[in-house]
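Coordinate analysis (summary)
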Amino acid sequence: MRGRSKVVWFSKCELGGLSSLLEHCFASYGIIYMRMQNRRKNHTSEDNGFASWGGYMAAKKAKLQEQFSEDAAKEGCSHSNAGSSIFQGVAIFVNGYTVPSADSLKRMMMLHGGVYHLYQTDKTTHIIASNLPKCKMKLLRTLKVVKPSWIVDSVQEGRLLDYRQYLLYTSKAQARLNFGVGEVESSKLLQGTETSGEKSNAASVSTTDVAERKQSLHATEPDFLSEFYSHSRLHHISTMGALFKQYVTQLREQSDGRFPGQETLQEWGRRNNSSYNVSSDKVIMHIDMDCFFVSVGLRDRPHLKGLPVAVTHAKGNTTLAQQRKGVDRAFEMNYYRQKAELETVPSVDETDSMSEIASCSYEARKCGVKNGMFLGTALKLCPNLKTIPYDFEGYKQVSHCLYNTVAAFTLDIEAVSCDEMFVDCTDVLQCSCTSTMQFASFLRLEIEDKTGCTASAGFGSNRLQARLATKKAKPNGQFHLEPSSVSLFMRDIMVEDLPGVGRNLASRLHTMGARTCSDLQRFTQSQLQREFGAKTGNALYRHCRGDDDRALNFGHQRKSVSADVNYGIRFTNQEEAAVFIKQLAGEVSSRLRKVRLKGRCITLKLMVRAKEAPIETAKFLGHGVCDQVTRSSTLVTAVADQDIIAREVLSILRQLSVRPSDLRGIGIQVTRLESDSVGNKFLDSFLIRGTRGGQEVGSSNAAQEDSHPQSTVQATNEGSSLQDRDTAHQADSTVIVQQEVCTSESGLAAKPQSQLMPHELCDLDEEVLAALPEDIRQEVLQTYRPSSSSEVQRDVVVTNLKSPTTEQVDTSLCSSMTADEVRALVKEWVSCEDMPQPCDVRMLADYLERQVASRNIDDMHLVVKCLYRCVYKKNSTVWQEAYQTIINKVQDTMLVVYGATLKLQDSFKHDV
Ligand SMILES: Nc1ccn([C@H]2C[C@H](O)[C@@H](COP(=O)(O)OP(=O)(O)OP(=O)(O)O)O2)c(=O)n1
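Figured I'd write up the structure that's included with this text. Predicted model only: the values in this text are computed from it and were never measured.

1. Side note on the sheet that holds strand β14 (residues 478-480)
With mixed pairing, the 5 strands of this open sheet are ordered in space as β11-β12-β7-β13-β14. The open sheet terminates on both sides in strands that have one partner only, identified here as β11 (413-417) and β14. Neighbouring strand axes in the sheet, compared pairwise and without regard to direction, differ in orientation by 15 degrees on average. Pairing analysis gives 5 bridges linking strand β7 (residues 284-289) to strand β12 (residues 420-424), with the strands arranged antiparallel. Considered in β12, the bridge of M285 is made with V423. Helix α14 (residues 392-407) rests against β7, β11 and β12 of the sheet, and its axis sits at about 165 degrees to β11. Along the sheet, helix α16 (residues 436-451) makes contact with β7, β13 (455-460) and β14, crossing β13 at roughly 160 degrees.

2. So, unusual backbone geometry
For the bond from K474 to P475, the omega torsion is -5 degrees, close enough to zero to count as cis. Residue position: P475 is located in the loop between α17 (463-473) and β14. Here the phi dihedral of R596 falls at roughly 55 degrees; this positive angle occurs in a residue that is not glycine. As for its position among the elements, R596 is in the loop between α23 (574-594) and β16 (597-609). Its identity as a non-glycine residue notwithstanding, L621 has a phi of 60 degrees, on the positive side.

3. So, the packing of α23 against helix α24 (residues 642-656)
Two elements in contact, α23 and α24, have axes separated by 8 Å at closest approach and are oriented at 135 degrees. What the angle tells us is that α23 and α24 run oblique. Seen along the crossing, α23 lies across α24 with a hand that is right-handed. Of α24, the residues touching α23 (which contributes Q574, A578, I581, K582, Q583, A585, G586, V588, S589 and L592) are Q642, I645, A646, V649, L650 and L653. When grouped by side-chain class, the residues that make up the contact of α23 with α24 number 10 nonpolar, 5 polar and 1 charged.

4. Topic: the packing of helix α7 (residues 224-231) against helix α8 (residues 233-254)
Orientation of α7 relative to α8, taken along the N-to-C sense of each, is 70 degrees, at an axis distance of 5 Å. Comparing the axis directions of α7 and α8 gives the class roughly perpendicular. Across the interface between the two elements, Y229, S230 and H231 from α7 touch R233, H235 and H236 from α8. Here the contact of α7 with α8 is built from residues that sort into 1 nonpolar, 4 polar and 1 charged.

5. Let's talk about the pairing of strand β1 (residues 91-94)
Covered by surrounding structure in β1 are A91 and F93 together with I92 and V94, the residues of both alternating faces. In this sheet, strand β2 (residues 115-117) lies alongside β1 in parallel orientation, the contact comprising 3 bridges. Within the sheet, the bridge partner assigned to I92 lies in β2 and is Y116. Crossover connection from β1 via helix α3 (residues 102-111) to parallel β2: handedness right-handed. Here 3 bridges tie β1 to strand β3 (residues 126-128), and the two strands are oriented parallel to one another. Considered in β3, the bridge of V94 is made with I128.

6. Examining the site of the ligand
The ligand sits among 17 residues. The nearest are R233, F292, S359, Y362 and R365. With respect to the ligand, the backbone of F292 contributes an N or O atom lying 2.8 Å from an oxygen atom. Contact between the ligand and D419: an oxygen atom at 3.3 Å from a side-chain N or O atom of the residue. In isolation the ligand has 550 Å² of accessible area, and contact with the protein removes 84% of it. Put simply, the parts of the chain that give the shell around the ligand at least two residues each are α8, β7, α10 (292-298), β9 (357-360) and α12 (362-366). The class makeup of the residues in the shell around the ligand is 7 nonpolar, 3 polar and 7 charged.

7. Topic: α17
With respect to burial, α17 is a largely interior element, 8 of its 11 residues being buried. Burial in α17 covers these residues: R463, L464, Q465, A466, L468, A469, T470 and A473. Two or three places before L464, at the opening of α17, N462 has a side-chain oxygen 3.1 Å from that residue's backbone nitrogen.

8. What about the side chain of K605?
In this structure, K605 sits in strand β16. Side chain to side chain, K605 and D564 meet in a polar contact 3.5 Å long.

9. Here's the deal with the nonpolar core
In terms of nonpolar packing, the biggest core is built from 51 residues, with M285, Y395, I413 and F439 touching the most fellow members. Among the elements that make up this core, the one with the highest residue count is α14 (7 residues). With sequence-adjacent residues up to four places away left out, I413 is seen in contact with V248, Y403, V406, A407, M421, F422, V423, N553 and F554. Counting 42 residues, the second largest nonpolar core, distinct from the first, contains L604, V629, V658 and L673.

Calculation notes
Residues numbered from 1 in each chain as written. Predicted model: local features only at pLDDT ≥ 70, side-chain atom pairs only at ≥ 80, totals over all residues. Heavy atoms only, no water. Pairing = 2+ DSSP bridges. Helix = DSSP H or I, 4+ residues; strand = E, 2+ residues; numbered from the N terminus. Axes fitted to C-alpha atoms, helices over the stretch in contact; angles between N-to-C directions. Contact = heavy atoms within 4.5 Å. Parallel < 35°, antiparallel > 145°, perpendicular 65-115°, else oblique. Left-handed = near helix turned anticlockwise from the far one by under 90°. Nonpolar A, V, L, I, M, F, W, Y, C, P; charged D, E, K, R; others polar. Buried < 20%, exposed > 50% of the residue type's maximum accessible area, 1.4 Å probe, protein only. Right-handed = clockwise from strand over helix to strand, strands pointing away. Near = heavy atom within 4 Å. Polar contact = N/O pair within 3.5 Å; in protein donor to acceptor, adjacent residues only side chain to side chain. Areas by Shrake-Rupley, 256 points an atom, 1.4 Å probe, with all protein chains shown as cover. Core = buried A, V, L, I, M, F, W, Y, C linked by side-chain atoms within 4.5 Å.

So, in structure tokens, the structure goes:
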């Protein structure tokens, strides 16, 4: 039996977090326990030692600093004329021999307002060195290592010079970003529209303006992530979206059932002699702020109201921008045009801004400007377009106010995003005896009064109708799609306005001749299901008629926590990528901790430069034309720890063998979330394992994955959260290549129990091992599995069979499952899925091959016979092909292991 855990159970209340849990888990491992205890002891004494050392060092540093200040004051007095404050805010640490000497540099710092650190501290802003070996550079990679001439030249010039011109290793010096000015290099002059709208389009912005903007960094630099997230509009939008979903849940939990808004509404109705006879039919409202970012921005700019206005990072076109070497805008533009059928939109020229418009006013839309469009394109369509900057704080305030206003009437709210929600109004309307239109007028007025921004509202008997009604109502309007009008109304709706119809599906529908819902209505349900699968076919069939059975979701439950970056990703080697991934894992970890969740499935999402795409992207440090690669790894236990997440992601990255220089976007997503509270499932699973003799639970809803990072690689052809935009005509939109990179490690590589070496049979618990910090894990492995590589050897392979629902069910196949359990899964799989997914086929084959490799022919045979019976009943060619694929693999392995094949059923002739 694998990894039987001899856990001596301690009182739960003794446990406080993973580390103490791990300690307890190891408690019965004898030597390990002692080693760990010793380690801890050392740590403890070291901690104390460190603490006192830290205390001593802190005191020493403080003392030195004090001396430095005193000396500086004296120096300043004796050289009163020579002093200045050019190094204010600069704190240097001189590393190694320098010319001029460290002493001279110290004096210069004293004289000119800087600080000299005798030891490097976290307050050190620059390291000064004349020469540093590469290995030392690597250690210091996160700091600015600058030549001493920076100090000398600055003193001579009497001003602080740009340290970037003095970086010790210029080959590594990366292009700097300036989020504030979109894709424009900071050294270039800008020219374009003015934020205030008062100046003309030609108003130029000086280099000083640019220099004053916040400098941002390349992905290899330490502050990059925080810089990126503080400027990424999509980060703000998604964070706010999640925040308001949570907020509504919180309001529902705290509600006393009273809705002051309803009382006011009744009062208002009485005053307006409203005695509307409300039917009991369900009424859903969709409410959405009009050109949200623009509306918020115009609150302080009333002079721009009624004009074409856009919110964007850039101010205008970059008339003086030199084309960067290797940029092939024409290539990218062509690509986007083909992809998005954009014949009608003017492309951007070499010097046009590729900064995106987040939101544009309805006046700008009249000229053809759209959200997500390049500013360069927009200015061609609308030369008078005024640009205004982002105001993330303002968006948050307005969103908050919007949600509070609606929540005063009802909490039957499904938050969609920061400016959009669905509301089940059935009760409010009945309680207040008001019509939908009266309610909408009242509510919208209140929203406008409170926020200074307008909203539009749509009503219908389901969410689809309500959303389409809002679209018709916009801007600043309201519309009720009455049941009697649905049929006629739907006829002219474009297929891309239906839920779930993205770029790819729309283009397939267009190819079939379906552009409007009326076109789509000509196809029968079975035709659509044959073409798009049961679920999508059925949804299309219903939606194009205005039917929608998707209920509003009031109980928000977080499904995933992730962090994606698709800008500024440029690495020269694996090490740089690894450093960044660790930081990104830290970001995901802290996001998980904030919402007190942890997860078992870790997914790495990569945007990899497409083979044919130029190395230099049209958008400065954008992602360009990319392939998208997604791979997941499932752990036995839910985690939120940065190190574990980073380790899994790095292990996936290694398997993918992507050249670091081709990486353009990296995302880490954690799913299969569970609460991160004490007494969680991790603990429970130990209890279960203990009581069941270490055998993993085989039921479909129990946690049973192995810690092996099994890969479920999905090539996707829909957008992903990595995409920093959602409209068809944007640059850098992901090019998705149908790519099958599912390379799950062969189950044959895993040794069957009978072949394990004695030291491998010791009671190391794989779960515990997987959750250990890397250094301790390595130590344990070296002691107990000296032959194992740096990766934990795992003898259980996990696979996922998809359930009929879109959500993945926790059905895992692992070596410790009994044949009966696997057969149950197989039955469920074949009976519920319309089509076998290649990944599932491969994984079942892997499982069976492993059984053969472990000479467990009986179990393999039982499962194959079961599969045959299910497929026979299914009577579907695709399933029969899948069966054939599986048994071919099994037979190949039989030949390798036994030198002979087995007699397995392979005929599916049905009796007539
Ligand atoms: N490509 C996009 C689309 C939207 N947003 C941001 C800005 C929008 O103001 C906000 C809300 O998006 P909507 O799709 O609701 O668009 P608007 O509110 O701007 O306009 P509309 O009146 O059409 O809803 O999200 C963005 O940054 N980038």
